[in-house]
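# Observations on the model geometry
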Amino acid sequence: MESTPTASQLLTVWEQGRSQTPVQRAFSLLALAAPERSPEELARYHIGRRDRELLGLRERLFGSRLAAAATCPACAQEIELDFSVADISSPSVADTNELNSLQLDGYELNFRLPTCDDLASLTPGASAPDGRSQLLQCCVTETRATGQPCAITALPETVIAAVSERMAQLDPQGDIQLTLACPKCSHEWLSPLDIVSYLWREIHAWAGRTLNEIHLIASAYGWREADILALSPRRRQTYLELIES
């Protein structure tokens, strides 16, 4: 049964995450979402399964509705978005090292889907092209050109793009794309949603509010942080109202 992290657990992950890289932060959130799994098991999760677990964690923490904003690339109109976890959820993909194949323009490739461990192996701060190249090195197990072995670095951009697109098709949860339409100019486009960044921003904002509440109550009553966090949100709010009255 999926459990909801306690306020204390969430604050601990937030504190650790402030000094972590985005990939490390994603793994910390994943461990919070699936505490029954070992680090080794979590490292083997495909990106889609990771993001599905994080969507579940987000729903348990803050509810099923998500709000966001976007800017129309055609007319710069600001658009407010409101959608649910179910709207961006895709069927699960088994976490196996099963190989997939791709044939295009005389090239033949065997590849597997990227995992959390693959992302952790990338050079921190690498540019998007370098990161993609490193990820291909992890996931592409065999490349042939007109029947002869060839280096991954020798693949043309069209083949690299086709591999990336095929990976997204095989694991759609790992590449969430919002279909948007501008109410002002009717322009339509796809906008990616990074659930790791989205959830982290929400947790960061929640931590700021919670620590402020702890400060006010501790200052008024002299209680310990652990005792204040043990209060239900409703009781904590009642004490805040009494302090302000």
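Thresholds applied
- What you see as residue numbers is a count from 1 along each chain, following the sequence as written.
- Totals for whole chains, interfaces and linings use all residues, but because this is a predicted model, local features are given only for residues with pLDDT of at least 70 and pairs of side-chain atoms are given and counted only at 80 or more.
- Note that water and hydrogens are dropped before the side-chain values are worked out from all heavy atoms of the structure.
- We count a stretch as a helix when DSSP gives it H or I for four or more residues in a row; a strand needs E for two or more, and each element gets its number in order from the N terminus.
- Accessibility here uses a 1.4 Å probe with only protein chains present; expressed as a share of the type maximum, an area under 20% marks a residue as buried, one over 50% as exposed, and anything in between as partly exposed.
- Every residue pair with non-hydrogen atoms within 4.5 Å of one another is taken to be in contact.
- In this description, accessible areas are obtained by the Shrake-Rupley approach with a 1.4 Å probe, and a residue is regarded as covered only by the protein chains that are shown.
- DSSP-based pairing: two strands are paired if at least 2 bridges between them are found.
- Interaxial angle, 0 to 180 degrees, is taken between N-to-C directions of lines fitted to C-alpha atoms, where a helix line uses only the stretch in contact.

### Describing the overall build of the chain
Regarding its fold elements, the chain presents 10 helices and 8 strands. Counting the 245 residues in the chain, one finds 38% classified as buried. Sequence-distant contacts, at least 24 apart, represent 60% of the contacts inside the chain between residues at least 6 apart. Counting only carbon and sulfur atoms, one obtains 51% of the accessible surface of the chain, whose full area is about 13,900 Å².

### As for the sheet that holds strand β3 (residues 100–104)
Hydrogen bonds between backbone groups are what pair the strands of a sheet, and the pairing can be parallel or antiparallel. Read across the sheet, 4 strands follow the order β3-β4-β5-β6 without closing on themselves; strand pairing throughout is antiparallel. Across the chains shown, the open sheet's two edge strands, defined by having one partner strand only, are β3 and β6 (148–149). Lying over the sheet, helix α6 (residues 128–139) contacts β4 (107–111) and β5 (140–145), oriented at roughly 95° with respect to β5. Where helix α7 (residues 157–170) meets the sheet, its contacts fall on β3 and β4, and the angle it forms with β3 comes to roughly 145°.

### Side note on the pairing of β4
A one-sided burial pattern is seen for β4, the buried positions being Tyr107, Leu109 and Phe111 and the unburied ones Glu108 and Asn110. As paired strands, β3 and β4 are joined by 5 bridges and run antiparallel to one another. Looking at the pairing, Gln103 lines up with Glu108 of β4. What sits between the antiparallel neighbours β3 and β4 is a turn of 2 residues, in which Asp105 has the positive phi angle 50°. Relative to β5, β4 is paired through 5 bridges, and the arrangement is antiparallel. Bridge assignment links Asn110 to a residue of β5, and that residue is Glu142.

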